[in-house]
Amino acid sequence: GYLNPNIITNVYEYDRVFDDQCANMDVYNHLGVSMLKNVIKQRKNVTFYVYGQTGSGKTHTLLGGKKEEGFFPILLSDILEIGYIAQISAIEIYNNKCYDLFQEKRHIAQRANGSADFVLSNVEKKKMKGSEDIRNITSVIADNRQVGLSSENSASSRSHLLITVFIDGKVINILDLAGCEKAHDAICKDRRAYKENGEINQSLFALKECIRALLNKQSYIPYRRSELTKLLKTSFEPNHQTYILATVSQEKVHAVTTLDVMNYI
């Protein structure tokens, strides 16, 4: 057939691609089981990034909805089933400040300890003992997340969410990053929305710079540039196993943003 010379073909290679017929359980079976093996058998800490455009399914994949469970509650159910007790913290990074979702969004500060790691002061950890705890924890996180008007809908996540699962002396960091669309695609109707969008993009840029420094084998990782990268400082160290899941839109109108996401991943 006729090949349009104005169409550019991009080829990408990933470990796995999930199409629109896949369920959250499919994502978990491929990634979650591997994470638990790394934590329990390999004794590694794990960080799991979920990155993509607003409205492309990040939060639904992690927390689920009325029709299906999300990655996070499935993970907690498996931890219970294999006989481990876990504790969970949930931190929202909004406008470059940290808030504890388990303490009615109380502002908490990060402090450097004697090992030059950043720790959160007085963060609350919920102990998980049964399935009812899983439902309550997931519900509190979903209900307390900062939302607002974005390019896609009126209830988009306007903050980063860091859920940390403490299990057997190791941690699983699950990071739901706020939407990565460019500033000119965002809907900013007031000063607060402009500030939200600016802080999101600055923190995502800081994270990219840390990853670039790792790839270039630089001796210094610039993690002090944002509260987000301070929280993730230990994830840039060799004893960490990192997973990244990108969510993309299939609509042509979002093609440019989708290409940006796929290139970054």
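Analysis parameters
- Residues numbered from 1 in each chain as written.
- Predicted model: local features only at pLDDT ≥ 70, side-chain atom pairs only at ≥ 80, totals over all residues.
- Heavy atoms only, no water.
- Axes fitted to C-alpha atoms, helices over the stretch in contact; angles between N-to-C directions.
- Helix = DSSP H or I, 4+ residues; strand = E, 2+ residues; numbered from the N terminus.
- Parallel < 35°, antiparallel > 145°, perpendicular 65-115°, else oblique.
- Left-handed = near helix turned anticlockwise from the far one by under 90°.
- Contact = heavy atoms within 4.5 Å.
- Salt bridge = Lys/Arg side-chain N within 4 Å of Asp/Glu carboxyl O.
- Buried < 20%, exposed > 50% of the residue type's maximum accessible area, 1.4 Å probe, protein only.
- Pairing = 2+ DSSP bridges.
- Arc of directions from axis to C-beta.
- Expected span 1.5 Å × (residues − 1).
- Bend = angle between axes of the 7 residues up to and from the residue.
- pLDDT = per-residue confidence, 0-100.

Enquirer: Residues and numbers for the packing of helix α3 (residues 71-81) against helix α4 (residues 131-144), please.
Expert: Working note: a packed helix pair is described by the angle between its axes plus the distance between those axes. Remark: α3 packs on α4, axes separated minimally by 10 Å, with the N-to-C direction vectors making an angle of 155 degrees. Comparing the axis directions of α3 and α4 gives the class roughly antiparallel. Handedness of the crossing formed by α3 with α4: right-handed. Of the residues in α4, those touching α3 at Phe72, Pro73, Leu76, Ser77 and Leu80 are Ser131, Ile134, Ile137, Thr138 and Ile141.

Enquirer: Tell me about the pattern of salt bridges, and please be specific about residues and values.
Expert: On inspection of all chains with the given rule, the structure shows 8 salt bridges. Across the pair Asp168 and Arg43 runs a salt bridge, and its minimum N-O distance is 2.9 Å. Note that Asp168 is positioned in the loop between β10 (160-167) and β11 (170-176) and Arg43 in the loop between α1 (24-40) and β1 (45-52), a separation of 125 residues in sequence. Here Asp168 falls in the partly exposed class, since its relative accessible area comes to 38%. Of the charged contacts in the structure, one is a salt bridge between Glu132 and Arg135, with a shortest N-O distance of 2.6 Å.

Enquirer: A description of the pairing of β1 should follow, citing residues and the corresponding values.
Expert: Of all 8 residues that make up β1, 8 are buried, and the element is covered over most of its length. Residues Asn45, Thr47, Tyr49 and Tyr51 point to one face of β1 and Val46, Phe48, Val50 and Gly52 to the other, with burial holding for every one of them. The pairing of β1 with β11 spans 5 bridges and is parallel. Bridge assignment links Phe48 to a residue of β11, and that residue is Ile174.

Enquirer: Kindly report on helix α7 (residues 255-264), identifying the contributing residues and their values.
Expert: Of the residues making up α7, those classed as buried are Thr257, Thr258 and Val261. The buried residues of α7 occupy an angular sector of 100 degrees when the element is viewed end-on, so they sit on one face. Of the exposed residues in α7, those oriented more than 90 degrees away from the buried face are Val256 and Asn263. Buried-residue contacts for α7 involve β1 and β12 (240-247).

Enquirer: Got a sec to walk through α1? Specific residues and values, please.
Expert: Every α-helical turn comprises 3.6 residues, leaving residues that sit three or four positions apart pointing alike. Spanning 17 residues, α1 covers 23 Å between terminal C-alpha atoms, matching the ideal 24 Å at 1.5 Å per step. In α1, a bend of some 35 degrees at His30 exceeds every other bend along the element. Where α1 is concerned, the buried positions are Asn24, Val27, Tyr28, Leu31, Gly32, Met35, Leu36, Asn38 and Val39.

Enquirer: Break down the confidence of the model for the protein for me, citing the residues and quoting the values.
Expert: For the protein, per-residue confidence averages 85 on the pLDDT scale, and residues scoring 70 or more make up 88% of the total. For the protein, the element scoring lowest by mean pLDDT is strand β8 (residues 147-148), at 54; α3 scores highest, at 96. For the stretch residues 148-155, pLDDT sits under 50, and the model shows 24 contacts to residues farther than four places along the chain or on other chains.

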